[in-house]
Amino acid sequence: AGVAAQQYAQDEQAIRRVMAEQEIAWNRADLEGFMQGYWKSDSLRFIGSRGLTYGWQPTLDNYKKSYPDADAMGKLSFTILSIEILAPESAFVVGKWHLTRTKDEIGGHYTLLWKKINGAWVIVADHSS
C-alpha cells in the first residue's frame, strides 16, 4: 500500500500544480497558457452553459469570445473540493471557480476528468457551470 499511496500523493500534487499554473496564466490574461492544462486534442470535451464543445482550439476560441481582455477575465481562483485518483492514468476533480472583476464577481462549480497522457496530467473533460 505504501507505494500506491505515494504515487497517489504524487499524482494529486501534479494535478494541483497544473491548476495553480492555470490560475497564474489566467491572472496574467494568458488564455493560451491557461489552456496548457487541457488535452491538446480534437477529443477534448468542454461542457458549459452553451452546451458541449469538442476540441482544444474551439474551447480556446470560446474562452476568447467570452473573455476578450484582462478586464473581462478578472482574477481567477480555484477551490478544489476533492481529487479522486480513479486509476493510475485517470482522476476526477470537483471544485469551485471564482472570478473577481472590476464590475462584478462570478463563479460556479466544475467537474474535471483528468488523464495522464505521456506522463503529464491533462484535463480531457471539463463541465463548468
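Every value quoted in this text rests on a predicted model; they were computed, and no experiment measured them. (Residues numbered from 1 in each chain as written. Predicted model: local features only at pLDDT ≥ 70, side-chain atom pairs only at ≥ 80, totals over all residues. Heavy atoms only, no water.)

A. View of the layout of surface pockets. Approximately 540 Å³ is the volume found for the largest pocket. Elements supplying a minimum of two residues to the lining of the largest pocket: helix H1 (2-27), strand E1 (45-48), strand E2 (51-54), helix H3 (56-66), strand E3 (75-87), strand E4 (90-100), strand E5 (105-117) and strand E6 (120-128). Considering every element that reaches the lining of the largest pocket, the biggest residue donor is H3, with four residues. In terms of residue class, the lining of the largest pocket is made up of 16 nonpolar, 10 polar and two charged. (1 Å grid on protein atoms, 1.4 Å probe; cavity = no way out; pocket = protein on both sides within 12 Å on 5 of 7 lines; lining within 4 Å. Points joined across faces, edges and corners; volume = space filled by probe spheres on them. Helix = DSSP H or I, 4+ residues; strand = E, 2+ residues; numbered from the N terminus. Nonpolar A, V, L, I, M, F, W, Y, C, P; charged D, E, K, R; others polar.)

B. Quick look at the pairing of E6. Along E6, seven of the nine residues are buried, which leaves the element largely enclosed by surrounding structure. Strand direction decides the pairing type here: E1 and E6, joined by three bridges, are parallel. Looking at the pairing, Ile47 lines up with His127 of E6. The turn linking E5 back onto E6 is made up of two residues, and Asn118 within it adopts a positive phi angle of 50°. (Buried < 20%, exposed > 50% of the residue type's maximum accessible area, 1.4 Å probe, protein only. Pairing = 2+ DSSP bridges.)

C. Region of the structure containing the pairing of E5. Across 11 bridges, E4 lies against E5 in antiparallel orientation. The partner of Phe92 across the bridge, within E5, is Leu113. Connecting the antiparallel pair E4 and E5 is a turn made up of four residues. With eight bridges connecting them, E5 and E6 associate as antiparallel partners. Across the sheet, Lys116 pairs through a bridge with Trp121, a residue of E6.

D. A look at the packing of aromatic side chains. Using the criterion set out here, one finds eight aromatic pairs in the structure. Aromatic side chains Trp26 and Phe34 sit 5.0 Å apart centroid to centroid with 70° between the ring planes, which places their arrangement in the edge-to-face category. A network of ring pairs unites the aromatic residues Trp26, Phe34, Tyr38, Phe46, Tyr63 and Tyr67 as a single cluster. The ring of Trp56 has Lys40 sitting right over it, with the charged end atom 4.3 Å from the ring centre. (Phe/Tyr/Trp six-rings, centres within 6.5 Å; stacked < 30°, edge-to-face > 60°. Lys NZ or Arg CZ within 6 Å of the ring centre and 35° of its normal.)

E. The arrangement of H1 in detail. The end-to-end C-alpha distance of H1, which contains 26 residues, comes to 38 Å, matching closely the 38 Å that a straight helix rising 1.5 Å per residue would cover. Downstream of H1 by one or two residues, Ala29 has phi in the positive range, about 60°. (Expected span 1.5 Å × (residues − 1).)

F. A look at the sheet that holds E4. Across the sheet, six strands lie side by side as E2-E1-E6-E5-E4-E3; this open sheet has mixed pairing. On the outer flanks of this sheet lie E2 and E3, each paired with one strand and no other. Put simply, the sheet's adjacent strands are angled 25° from each other on average, direction ignored. H1 rests against E3, E4, E5 and E6 of the sheet, and its axis sits at about 155° to E3. (Axes fitted to C-alpha atoms, helices over the stretch in contact; angles between N-to-C directions. Contact = heavy atoms within 4.5 Å.)

G. Highlighting the pattern of salt bridges. Under the counting rule described, the total for this entry stands at five salt bridges. Of the charged contacts, one joins Lys116 and Asp11 as a salt bridge, the two residues approaching to 3.1 Å between their closest N and O atoms. Placement of the pair is Lys116 in strand E5 and Asp11 in helix H1, with a sequence separation of 105 residues. Assessed through its relative accessible area of 4%, Asp11 is described here as buried. Salt-bridge contacts for Arg101 lead to Asp104; the nearest nitrogen and oxygen are separated by 2.8 Å. On the basis of relative accessible area, Asp104 is assigned to the partly exposed category, the value being 27%. (Salt bridge = Lys/Arg side-chain N within 4 Å of Asp/Glu carboxyl O.)

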